[in-house]
Structure formats: C-alpha cells, structure tokens
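Reading the structure
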Amino acid sequence: MTPRAGTMRLACMFSSILLFGAAGLLLFISLQDSAGLTPQQVPGVKFNIRLQRPRDDFPPGGSQDGVFKAPTERMARDASSRAPRGLRLLVPDPPPGHPNTGARLRPRQRRRRLLIKKMPSAAATPVPANSSTGSAAPDGHWARLQQRQRERKRAVGEACAKFRAAGSRRPVTPRHVSRIFVEDRHRVLYCEVPKAGCSNWKRVLMVLAGLAASPAGLQHDAVHYGGALKRLDAFDRPGILHRLRTYTKMLFVREPFERLVSAFRDKFEHPNSYYHPVFGKAILARYRANASGEALRTGAGVRFPEFVQYLLDVHRPVGMDIHWDHVSRLCSPCLIDYDFVGKFESLEDDANFFLSLIRAPRNLTFPRFKDRHAQEARTTAGITRRYFAQLSAPQRQRAYDFYYMDYLMFNYSKPFADLY
C-alpha cells in the first residue's frame, strides 16, 4: 500500500466516525425534546388536555383576563389537598394562543377556587353524602347538579360581560362585601339575599362554625340579631382580600317578582314594629289619597299597588331595603366571582349539594322549616301572579325593568307574556 492510499483510508474512517457521532447526538436531542413535551401526571390530579377550550368556561376575572400559565406540581398537590372528599380536580387547560405554559400562575389564576369550575366527571366522583333522602343519589343526578352550576355561572359571566366596559373592573370595597357572612372553619363566604332562604342558611353556618348542634333549635331573632356570625366587612382590607381569594363563595337567589311579593307579605301583611312606622307611614302619606288618621299614625294596611308605587318612584319618600333591593347590588356578582350559585326554586338540592362539596358533617342537611308565619303558605308563582294582577300592564313592565339585571344574570324567564 502506498503512503497516499493509506492517508485516504484514514481520512474516510475519520469522516465515518464523525457522521455516526453527529447522528447519535441528533437522536439524543430528539428523545429529550419528546420527553419534555409529555405531561407529568401528579397523583390525585387529572390533567385534561384539549386543543381548544371555550371562552365561556372562564368567569369574569378568570384566565380570560390575562395570560394563563400552567400550575406547578406543588400547586396541583395543594389544590388536591383542599378539595372536598372524593373530588378529583381538573387542572384547567391553557387557552390557545398562550404557548408559555411553564411559568408561574398570575395571582388571579392562583386564587380561582376548586369547586364547580374544576369538577370531575360524575363517573369518577362519589355522590353527595348530605342528601335529604338519606340515600346516595344516582350518578346522573350528580352530573345534572354539576351542569346546572356551570350554566348558572356562565349566565352570570355573560350578563356581566355584556354590561361592563372592558377594563372597568373596580376594586372591592367594604360596601361590596357588607352582606357577606364568614364561616372560617369550612372557609365559606355566604352572601345574604333576603327572602331566598337566608334565615336557614345562617342557621347552617352557625352549626358549621360550632356555635350550635343543630339548625332546629336556633330562633329567628338569635340568627339575625345575635351577632354570632361575622360579616366580611368587619375584617381589615388584607383579611377581606385573603378570604375572597381563598374561601368558597356562594349565594342563593330567587325569582325577582316572587321574592318581592314574599317580602311584601312578610313585612306589610303582619304586625311589624319597624316596617310599618318607617316604611308604611311614608308610603301611605305619599301614595294613598285621603288616608285615614289611624293609617297615617300606625303605617298599617299598605296595599301592594301602593308598595310598588313606592318601589318605582325615583324620589321615594323613604330609602331602599335589603328585602327588595337587587341581588346585583346586594352581592356584586360582577365584581366578586362566586363559586356557587344556588336558587330558591331548587333550594334543597342545591343546598345539600353545596354542603357535600365543602365536606360538611354528614348528619347536617339543609332545614326545611319556615320559622315566620309558619301556618301561612310560602309565596309561590301562583300567589305572585295574583298580587301582580292588581297592577296595570305599564306598572308590571316598569317592575320588570327595575329587576331586569337580576332576571338576566340569573336566567329567569319573563313572568308575564306581555313583558318586553
């Protein structure tokens, strides 16, 4: 072999070695990249990966307000440890257009609570233990309750988005949370809506707080005027914001006309040492022609059309009251993202479902009793129609306009066919 041939052979061998080395390096890099794209499963947390997530799934102030960043493994474990017994949380998917999924969550996304928005499928979740029937509900019932919550939260979000200008979200003040009651042991915030089951809800909160053994023994005045439950506005600003971020927030609502008639029947058709002299006397003096001296002295005997005249008068002789004020004013649902929206029309199902979600004691169910005027029938849709039949069509329309946001936000149907 000549020296020239030997040199060429060595060069060929060296080139082959270099090519094999480069190919191995490329293969190693490829394997590393594919491993990095595989989601790591956290014990107890179900990852749900899809190409697209509907915008409606995000409530106001949720991930649609900014860049959504994927939770870390530690945060997923923390959320799982706070979940109600048996719930497996869904870690939300990042919406399309935000590829940066490895960074930390923004504070607004971090504080999103772990209940309805992240509920698992019915097949993977045990049924509520707090059932009024004392037996487990079928999986289909559990799934319907979950779906009902998603629809209600979506309706609130859509109504708020429709009437709130972009970037107009205001800071929360003590006034916005003045109707919210705090139960620290189970980390619950309840916004009180009068005439929508609030007395019994306060009884339940007192039992949850360890202040009573059972709701049945708690009298009406002790519940409302005893001062046992703290309001959220009693805390300083850091305490308010901390609880709004980390506690489960819920409210219960009622069909607005039905709630109005219930309030009228309670406050004006029975003796009342506050509403008759404060509201009744002013209403009779303004809206009843030739009112008797006895009526003006006591304030008793206000009729429903007179009460509605007062309600719709922009120059009312006496101010508003929480029993007939708008839910949108009482609870500020466009400012505070409630985790649970219950309705008086499905009160027992919704209430016991909520108690199961917060891991309330198994023997605690929502009370059924009516503690004021117990012999009198509850206000129903039929009774409400009889009262509103006393009004003219324009008055009914104005009353509907007055409560329009509550009808829209909580997806109640128009109560009369001639309303627009």
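Everything below is about the structure shown above.
The sections below set out a description of the structure shown in this document. Being a predicted model, the structure only gives us computed values, none of them experimental. (Residues numbered from 1 in each chain as written. Predicted model: local features only at pLDDT ≥ 70, side-chain atom pairs only at ≥ 80, totals over all residues. Heavy atoms only, no water.)

Quick notes on the packing of aromatic side chains
Ring pairs (aromatic) are described by centroid distance and by the angle formed between their planes. Within the structure shown, the criterion is met by 33 aromatic pairs. Positioned above the aromatic ring of Phe235 is the side chain of Arg243, whose terminal nitrogen or guanidinium carbon lies 3.8 Å from the ring centre. Positioned above the aromatic ring of Phe416, the side-chain terminus of Arg396 is 5.0 Å from the ring centre. (Phe/Tyr/Trp six-rings, centres within 6.5 Å; stacked < 30°, edge-to-face > 60°. Lys NZ or Arg CZ within 6 Å of the ring centre and 35° of its normal.)

Digging into the sheet that holds strand 4 (residues 188-191)
Taken together, five strands build an open sheet; the order of strands is 5-3-4-6-7 and the sheet is mixed. The outermost strands of the open sheet, each flanked by one partner alone, are strand 5 (230-231) and strand 7 (340-343). Sheet analysis places strand 6 (residues 248-253) next to strand 7, joined by four bridges and oriented parallel. If you follow Phe252 over to strand 7, its bridge partner there is Gly342. (Pairing = 2+ DSSP bridges. Helix = DSSP H or I, 4+ residues; strand = E, 2+ residues; numbered from the N terminus.)

What to know about helix 11 (residues 304-312)
Extensive coverage of helix 11 is indicated by the burial of seven of its nine residues. Inspection of helix 11 places Phe304, Glu306, Phe307, Val308, Tyr310, Leu311 and Leu312 among the buried residues, and these make up the whole buried set. Contacts from the buried residues of helix 11 go to helix 8 (256-268), helix 9 (275-287), helix 14 (381-388) and helix 15 (393-402). (Buried < 20%, exposed > 50% of the residue type's maximum accessible area, 1.4 Å probe, protein only. Contact = heavy atoms within 4.5 Å.)

Some remarks on the pairing of strand 4
Here strand 4 shows a buried face lined by Val188 and Tyr190 and a second buried face lined by Leu189 and Cys191. Relative to strand 4, strand 3 (residues 180-183) runs antiparallel, the two being bridged by four bridges. Looking at the pairing, Ile180 lines up with Cys191 of strand 4. Pairing of strand 4 with strand 6, which is carried by four bridges, proceeds in the parallel orientation.

Observations concerning the side chain of Glu258
With respect to the helices and strands, Glu258 occurs in helix 8. By relative accessible area, Glu258 is classed as buried at 9%. Among the polar contacts made by the side chain of Glu258, one reaches the side chain of Arg254 at a distance of 3.3 Å. Excluding residues within four positions of it along the chain, Glu258 makes contact with Phe344, Thr379, Thr380, Ala381 and Thr384. (Polar contact = N/O pair within 3.5 Å; in protein donor to acceptor, adjacent residues only side chain to side chain.)

Things to note about unusual backbone geometry
In this model, Arg187 sits at a positive phi of 55 degrees, which is unusual for a non-glycine residue. In this fold, Arg187 is placed in the loop between strand 3 and strand 4. On the basis of relative accessible area, Arg187 is assigned to the partly exposed category, the value being 31%. Unusually for a residue other than glycine, Arg359 sits at a positive phi of about 65 degrees. Within the secondary structure, Arg359 is located in the loop between helix 13 (347-357) and helix 14. Residue classification places Arg359 among the partly exposed residues on the basis of a relative accessible area of 39%.

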